[in-house]
Amino acid sequence: MAGLLARRGGADVKVFVDTAPLMEKPLAEAAGLGWQGKHSVLVSREWGSWLFLGAILTSAELPVDKPHPESCGSCTRCLDVCPTNAFPAPFRLDARRCLAYYSVEHKGPIPREFRRPMGNRIYGCDDCLAVCPWNKFASVSREAKLRSRPELERPALAELVAIDDAGFRALFAGSPVKRIGHERFLRNVLIGIGNSESEIFVNSVLSRMADPSALVRGAAVWALRRLDPEQASAVRERHLDNETDPAVRDEWSGMV
Ligand code: B12
Ligand code: SF4
Ligand code: SF4
């Protein structure tokens, strides 16, 4: 539907959902749908923070709505919960510290500072949205396309890290997760495994140590070092002999 141009009742209509250079949040606030909360996304009295925005540009004459007043009051829950302190001030997000940016948009290795706070978030982060007290007014959407798929509700990390490119594409067909591609997906899964502090994943990690992707190998080194430092020391020289990528070599550095 995104970017669709049509004529309806004599007016031009163009529809966008997160696909055009439009600032949807200030537009939604001006349209009276809600207000930009201290976490910077739109909050509605009816839907809380759990909503997507869509925009319709039209030449039709429409009545003008009143902008919605800001209604956060003294609440600071979203600012306090952020695992990376991404809010330098209320209503102001530093996207360079946001895990939604690193897990979804960022193409390179996850900067070291953000690996532990990332926990086991494989795609995006919703913490600041999830704690908003206005969510108590939200209800589950009846839209079938927004329903979660049972096989993806609590996926096992060991299964996710073993998945190949074709399996990844099949599992996430029709889902935005597919957009990040297999390599970035494995990078995020390996960070989640490294944060699990559970040695049961060591063999899964070892199976990715010689992956053709340097991004994946680098994340596997980090995960192995966290889960089993002795094993990491034992295999270090063997892997370094064949490693040409400077970023992956850097992951091995500092170990003797
Ligand atoms: C770029 C972008 C991101 C970036 C930057 C986020 C951001 N807050 O801007 C990243 C990748 C980090 C991101 C993350 C997420 N995003 Co996003 N994102 C966008 C996108 C494409 C553009 C947003 C934008 O214009 N940012 C630019 C900045 C300048 O805008 P702003 O924060 O609103 O800035 C205002 C205030 O912060 C303030 N301000 C900013 N700087 C300063 C400085 C000073 C001094 C002062 C006083 C004020 C001030 O004034 C600005 C103007 O109003 C929109 C879609 C769209 N086209 O609008 C979706 C959108 C905002 N994202 C969305 C979602 C759902 C998310 C995530 C929850 C995804 C996830 N689960 O991982 C997270 C939430 C993180 C968060 N707390 O914002 C939804 C939000 C729905 C809603 N309820 O509003 C949108 C609207 C997409 C959609 N159509 O549904 N996103
Ligand atoms: S999405 Fe997560 S990391 Fe980003 S600002 Fe919200 S709580 Fe912080
Ligand atoms: S959690 Fe509190 S401060 Fe943050 S947007 Fe919701 S009401 Fe506003």
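Residues numbered from 1 in each chain as written. Chains lettered and ligands numbered in written order. Predicted model: local features only at pLDDT ≥ 70, side-chain atom pairs only at ≥ 80, totals over all residues. Heavy atoms only, no water.

Draft legend 1. Geometry of the site of ligand 2. Inspection of the region around ligand 2 gives Cys 82, Pro 83, Thr 84, Ala 86, Phe 87, Leu 93, Cys 98, Leu 99, Cys 125, Asp 127 and Cys 128 as its neighbouring residues. Its residues placed into classes, the shell around ligand 2 shows nine nonpolar, one polar and one charged. (Near = heavy atom within 4 Å. Nonpolar A, V, L, I, M, F, W, Y, C, P; charged D, E, K, R; others polar.)

Draft legend 2. A look at the side chain of Glu 243. Position of Glu 243 among the secondary structure elements: in the loop between helix 11 (229–242) and helix 12 (246–252). Given the relative accessible area of 9%, Glu 243 is considered buried. One polar contact links the side chain of Glu 243 to the main-chain amide nitrogen of Asp 245, over a distance of 3.1 Å. Residue contacts for Glu 243: discarding those within four places in its chain leaves Arg 217, Val 248 and Arg 249. (Helix = DSSP H or I, 4+ residues; strand = E, 2+ residues; numbered from the N terminus. Buried < 20%, exposed > 50% of the residue type's maximum accessible area, 1.4 Å probe, protein only. Polar contact = N/O pair within 3.5 Å; in protein donor to acceptor, adjacent residues only side chain to side chain. Contact = heavy atoms within 4.5 Å.)

Draft legend 3. Expanded view of the nonpolar core. Core analysis: the largest hydrophobic core is formed by 31 residues, its most contacted members being Phe 185, Val 189, Ile 193, Val 205 and Trp 252. Elements that contribute at least two residues to this core include exactly helix 6 (157–162), helix 8 (181–194), helix 9 (202–206), helix 10 (214–227), helix 11 and helix 12. Residue contacts for Val 189: discarding those within four places in its chain leaves Ile 122, Leu 157, Leu 160 and Val 161. Among the nonpolar cores identified, the runner-up in size contains eight residues, and Leu 99, Tyr 102, Phe 114 and Ile 191 belong to it. (Core = buried A, V, L, I, M, F, W, Y, C linked by side-chain atoms within 4.5 Å.)

Draft legend 4. Representation of the layout of surface pockets in the model. By volume, the second largest pocket amounts to about 480 Å³. Considering the residues around the second largest pocket, the lining is formed by 16 residues, among which Leu 27, Ala 31, Ile 56, Leu 62 and Asp 65 are closest to the centre. For the lining of the second largest pocket, a count of residues per class yields 12 nonpolar, two polar and two charged. (1 Å grid on protein atoms, 1.4 Å probe; cavity = no way out; pocket = protein on both sides within 12 Å on 5 of 7 lines; lining within 4 Å. Points joined across faces, edges and corners; volume = space filled by probe spheres on them.)

Draft legend 5. A look at the site of ligand 1. As a structural note, the neighbourhood of ligand 1 is formed by 27 residues, with Leu 22, Glu 24, Gln 36, Leu 42 and Asp 126 the closest of them. Here a nitrogen atom of ligand 1 sits 2.8 Å away from a polar atom, N or O, in the main chain of Leu 22. Contact between ligand 1 and Leu 51: a nitrogen atom at 3.2 Å from a main-chain N or O atom of the residue. Of all the secondary-structure elements, those providing two or more residues to the shell around ligand 1 are helix 1 (24–30), helix 3 (99–105) and helix 5 (127–130). Per element, the largest residue contribution to the shell around ligand 1 is three residues, and it comes from helix 1. Class assignment for the residues of the shell around ligand 1 results in 17 nonpolar, five polar and five charged. When residues are assigned to domains, the shell around ligand 1 turns out to be shared by domain 1 (4–58) and domain 2 (84–124 + 148–252), each giving three or more. (Domains from an automatic or database assignment.)

Draft legend 6. Representation of the pattern of salt bridges. Under the defined criterion, the tally for this structure stands at 13 salt bridges. Salt-bridge contacts for Arg 112 lead to Asp 250; the nearest nitrogen and oxygen are separated by 3.7 Å. You can see Arg 112 sitting in helix 4 (residues 112–118) and its partner Asp 250 sitting in helix 12, a full 138 residues away along the chain. In this structure Asp 250 comes out as partly exposed when scored by relative accessible area, which is 39%. One salt bridge in this structure joins Glu 197 and Arg 226, with 3.5 Å as the shortest N-O distance. You can see Glu 197 sitting in the loop between helix 8 and helix 9 and its partner Arg 226 sitting in helix 10, a full 29 residues away along the chain. (Salt bridge = Lys/Arg side-chain N within 4 Å of Asp/Glu carboxyl O.)

Draft legend 7. Structural context of empty space enclosed by the protein. One pass over the full model with this rule turns up one cavity of 30 Å³ or more. One number sums up the size of the largest cavity: a volume of about 40 Å³. Around the largest cavity sit Pro 109, Ile 110, Arg 115, Arg 187, Ile 191, Leu 215, Gly 218, Ala 219, Trp 222 and Glu 251, which together line it. In terms of residue count, helix 10 provides more of the lining of the largest cavity than any other element does, four residues in total. For the lining of the largest cavity, the per-class residue count stands at six nonpolar, one polar and three charged.

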